[in-house]
Amino acid sequence: MLEKDIVNAIMKYLRTLPNCFCWKEHGGMYGTAGIPDIIACVDGLFYGFEVKTATGKPTALQEATIRKILAAGGTAVVVRSVDEVRNVLEGSVH
């Protein structure tokens, strides 16, 4: 499965949740390097989801950004499926 397919599936899932505001962060010259692929606020909690394929690995900059989000009190993780996102949200919200 391609990364973009995983991103699309996660976005589709997130859009079904009540009290969820989310967007796909687009890279490029006008974006901020290292920002997770998907940013979400669910029930007032901040999430950054760095999406990777089964064999993909985050870059050093992505790992550093995840650490900064965690230090600021948000949740940031590398995910590879909708199930992983669901598990993160259930663990944080409940």
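Our structure is the block above this text.
Now for a quick tour of the structure. (Residues numbered from 1 in each chain as written. Predicted model: local features only at pLDDT ≥ 70, side-chain atom pairs only at ≥ 80, totals over all residues. Heavy atoms only, no water.)

### Here's the deal with the pairing of strand β2 (residues 38-42)
Worth spelling out the cut-off: Think of it in three bands: residues with accessible area under 20% of the maximum for their type are buried, residues over 50% are exposed, and the middle band is partly exposed, with areas taken using a 1.4 Å probe on protein chains only. For the purposes of this entry, the term helix denotes a DSSP run of H or I that reaches at least four residues, the term strand denotes a run of E that reaches at least two, and both are numbered from the N terminus. Strand pairing is defined by DSSP finding a minimum of two bridges between the two strands.
Of all 5 residues in β2, 4 are buried, a share of seventy percent or more. Relative to β2, strand β1 (residues 20-24) runs antiparallel, the two sharing 5 bridges. Residue pairing across strands places K24 opposite I38, the latter belonging to β2. Hairpin connection of β2 to strand β3 (residues 45-51): 2 residues between the antiparallel strands, including D43 at a positive phi of 50°.

### What to know about the nonpolar core
What counts here: Among the buried residues, those of types Ala, Val, Leu, Ile, Met, Phe, Trp, Tyr and Cys that are joined through side-chain atoms within 4.5 Å form a nonpolar core. In what follows, residue pairs with any heavy atoms lying within 4.5 Å of each other are defined as contacts.
In this structure, I10, L14, I38, F49, V85 and L89 are the most contacted members of the largest nonpolar core, which totals 19 residues. Going through the elements one at a time, α1 (3-14), β2, β3 and α3 (82-93) are the ones with two or more residues in this core. Looking at this core, the element that brings in the most residues is α1, giving 6 residues. Once residues lying within four places of it in the same chain are set aside, the contact partners of F49 are P36, D37, I38, A40, V77, V79, V85, V88 and L89.

### Describing the sheet that holds β2
Selection criterion: For helices, the fitted axis covers only the stretch in contact; all axes are lines through C-alpha atoms, and the angles between them, taken along N-to-C directions, range from 0 to 180 degrees.
Taken in spatial order, the 4 strands of this open sheet run β1-β2-β3-β4, and their pairing is mixed. Looking at the sheet topology across the chains shown, the edges are occupied by β1 and β4 (75-79). Taken over all neighbouring pairs, the strand axes of this sheet differ in orientation by 20° on average, direction set aside. Across 5 bridges, the pairing between β2 and β3 is antiparallel. Residue pairing for β3: I38 is matched across the bridge by F49. On the sheet, α1 packs against β1, β2, β3 and β4 and is oriented at approximately 160° with respect to β1. In this fold helix α2 (residues 60-71) packs onto β3 and β4, with an angle of close to 145° to the strand it touches most, β4.

### Quick word on the pattern of salt bridges
Note the following rule: When a carboxyl oxygen of Asp or Glu is within 4 Å of a side-chain nitrogen of Lys or Arg, the pair counts as a salt bridge.
By the definition in use, this model includes 3 salt bridges. Notably, a salt bridge pairs D37 with K24, separated by 3.9 Å at the nearest N-O pair. Of this pair, D37 sits in the loop between β1 and β2 while K24 sits in strand β1, and the two are 13 residues apart along the sequence. On the accessibility criterion, K24 (27% relative accessible area) is partly exposed.

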